[in-house]
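Breakdown of the fold
These are the residues of each chain, in order.
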Amino acid sequence: MLSRAERTPLAAWWWTIDRPMLAALGVLMLAGIVLSLAASPPVAARIGVDSFHFVNRHVMFLGPAFVVLIATSFLSPREIRRTAIIVFSISIALMVATLLFGAEVKGSRRWIVILGVNIQPSEFIKPAFVILIAWLFAESARKPDMPANTIAVALLGLVVTLLVLQPDFGQTMLIALVWSALFFMAGMRWIWVFGLAGTGVVGLAGAYYTVPHVARRIKRFLDPSSGDTFQIDMAIESFTRGGWLGRGPGEGTVKRVLPDSHTDFVFAVAAEEFGIVLCLVLVSLFGVIVLRALLHAFRNEDPFTRFAVAGLAILFGVQSAINMMVNVHLLPAKGMTLPFISYGGSSLISLAYGMGMLLALTRERPRAELLGAGLVERPA
C-alpha cells in the first residue's frame, strides 16, 4: 500500500486521482471482456474464423488501452493541451487519407490500414477535439480580443465536413452536441442557441433527403412497417427473454442472428444472458463516471479544466446513452460503440486516451501548482 508520506510520482498519482472513477473504468473494462466472450463467438463462426478471434483481439487491444489510460492520467494540463494538438493534427491527416485511400465498407470510408492494423481516425479526433475547443473557449473568456470563438467554429466546420464526407452522421451528431454544450457553458448568446438549433435541423433534413440510408433508418424508426426492423426487433426481444436475472452465460440465442452483436448490440446480449440487473449496473457505472466528472468540473476554478472535464464527460456519457438507446429503440440505429464494452480497437484506445485525460484533469492539485502553470489567476 502506498503511503501518503511517500514523495514518488506513483504515490502522488495514487493519492490525488479520483479512485472511484478509476475503479468504475476498470470494472467496465473487465465487463467488456466478459461480454466479448458472450457475444462474439457466433459472429466469428458466421465469418469463418476462430471462435475466440474477437475475444483475443479485444484483450490484445485492451492491454495498450490500459497503458494509454494510466500513462495519460499522469499528464499535467499543459501536457494534455500539447498532446491534444498533436493527436488532432495526425487524426485530421489520417481522415483525409482515409477519404482518399481507405476501403469502402457498407458505403462509408471510415477505416485505413496502417502496418496491417485497421484504424478509424474519427475515433481519435473526438477527445483531442474536445480539449482544443475547451482551451479556445477558456482563452476567449480570459482574452476577449483573441478570435478564439472564430477558430472554434472553424475547427467544428472542418471536423464535421470530414465526417459527413465519410459519411458518418452518428459521430457528426456527437461532435456537434459536445461542441454546442461547451459553447453554451462558455456563455453564448441566445441568438447563437437558435442559430445552432436551426443549423442542426437543416443538416438533419439535408441528410434525410440526400442520403438514402439515413432516410431509411429514420423511416423505420418512425414507422417500423416501412422496412426491415429485424435487428431492433431482436434486440428488444432479448430484454424480454432475459428478464431481470438473465438466461445465464452462453445461453442467449439472439446473438446467433444479430450481425453486430459484438459491437452495436452488445447491450442486448448482456440483457438476454445476464439480465436487466446487469444492464442497470452498467448504466450505474457510466453514471458514476459522468456525474463525478461533472461535479469536478462544477467545483474547478480554472476555465480550461472546467470546460475540458465537462466536455470529456459529455462525450463519454452521450456516446454511451446513444448506444443503449438504440438497443431499446429510443433512437434510430447508428454505428456507435458502447464505451469499453463493444469490440473495436480504435474505439478502445481512443476512449482510454479520453478517460486518461479526464482522470488527469480531475486530480487534486495544490493551488501553488495551478498558479505556476497559469491555470488560476493570481489575486490582484
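Preceding this paragraph is the structure being described.
Reading the values: the criteria
- Residues numbered from 1 in each chain as written.
- Predicted model: local features only at pLDDT ≥ 70, side-chain atom pairs only at ≥ 80, totals over all residues.
- Heavy atoms only, no water.
- Pairing = 2+ DSSP bridges.
- Helix = DSSP H or I, 4+ residues; strand = E, 2+ residues; numbered from the N terminus.
- Axes fitted to C-alpha atoms, helices over the stretch in contact; angles between N-to-C directions.
- Contact = heavy atoms within 4.5 Å.
- 1 Å grid on protein atoms, 1.4 Å probe; cavity = no way out; pocket = protein on both sides within 12 Å on 5 of 7 lines; lining within 4 Å.
- Points joined across faces, edges and corners; volume = space filled by probe spheres on them.
- Parallel < 35°, antiparallel > 145°, perpendicular 65-115°, else oblique.
- Left-handed = near helix turned anticlockwise from the far one by under 90°.
- Nonpolar A, V, L, I, M, F, W, Y, C, P; charged D, E, K, R; others polar.

**Some words on the sheet that holds strand S2 (residues 108-114)**
- Taking strand neighbours across the sheet as the criterion, the three strands line up as S1-S2-S3 in an open arrangement whose pairing is antiparallel. This sheet does not close on itself; its edge strands, each paired only once, are strand S1 (103-105) and strand S3 (117-119). Put simply, the sheet's adjacent strands are angled 40° from each other on average, direction ignored.
- The strands touched by helix H4 (residues 77-101) within the sheet are S1 and S2, with S2 carrying the most contacts at an inclination of about 105°.

**Remarks on empty space enclosed by the protein**
- On inspection of all chains with the given rule, the structure shows one cavity of 30 Å³ or more.
- In this structure, the largest cavity encloses a volume near 90 Å³.
- Forming the walls of the largest cavity are Glu-123, Lys-126, Pro-127, Leu-312, Leu-315, Phe-316, Gln-319, Ser-350, Leu-351, Gly-354 and Met-355.
- Those elements that place two or more of their residues in the lining of the largest cavity are helix H5 (121-142), helix H12 (303-327) and helix H13 (345-361).

**Digging into the packing of helix H2 (residues 19-47) against H13**
- The geometry of H2 relative to H13 is characterised by a closest axis approach of 10 Å and an angle of 165° between their N-to-C directions. The angle between the axes of H2 and H13 places the two elements in the roughly antiparallel class. As H2 runs across H13, the sense of the crossing is left-handed. Counted together, Met-21, Leu-22 and Leu-25 of H2 and Met-355, Leu-358 and Leu-359 of H13 form the full contact between these two elements.
- In the contact of H2 with H13, the residues fall into six nonpolar, no polar and no charged.

**Re unusual backbone geometry**
- Between Gln-166 and Pro-167 the backbone carries a cis peptide bond, its omega angle lying at -10°.
- Assignment of secondary structure puts Pro-167 in the loop between helix H6 (148-165) and helix H7 (169-185).
- Its identity is not glycine, yet Phe-340 carries a phi of approximately 65°, on the positive side.
- By the element assignment, Phe-340 lies in the loop between H12 and H13.

Keep in mind these numbers describe shape, not what the thing actually does.
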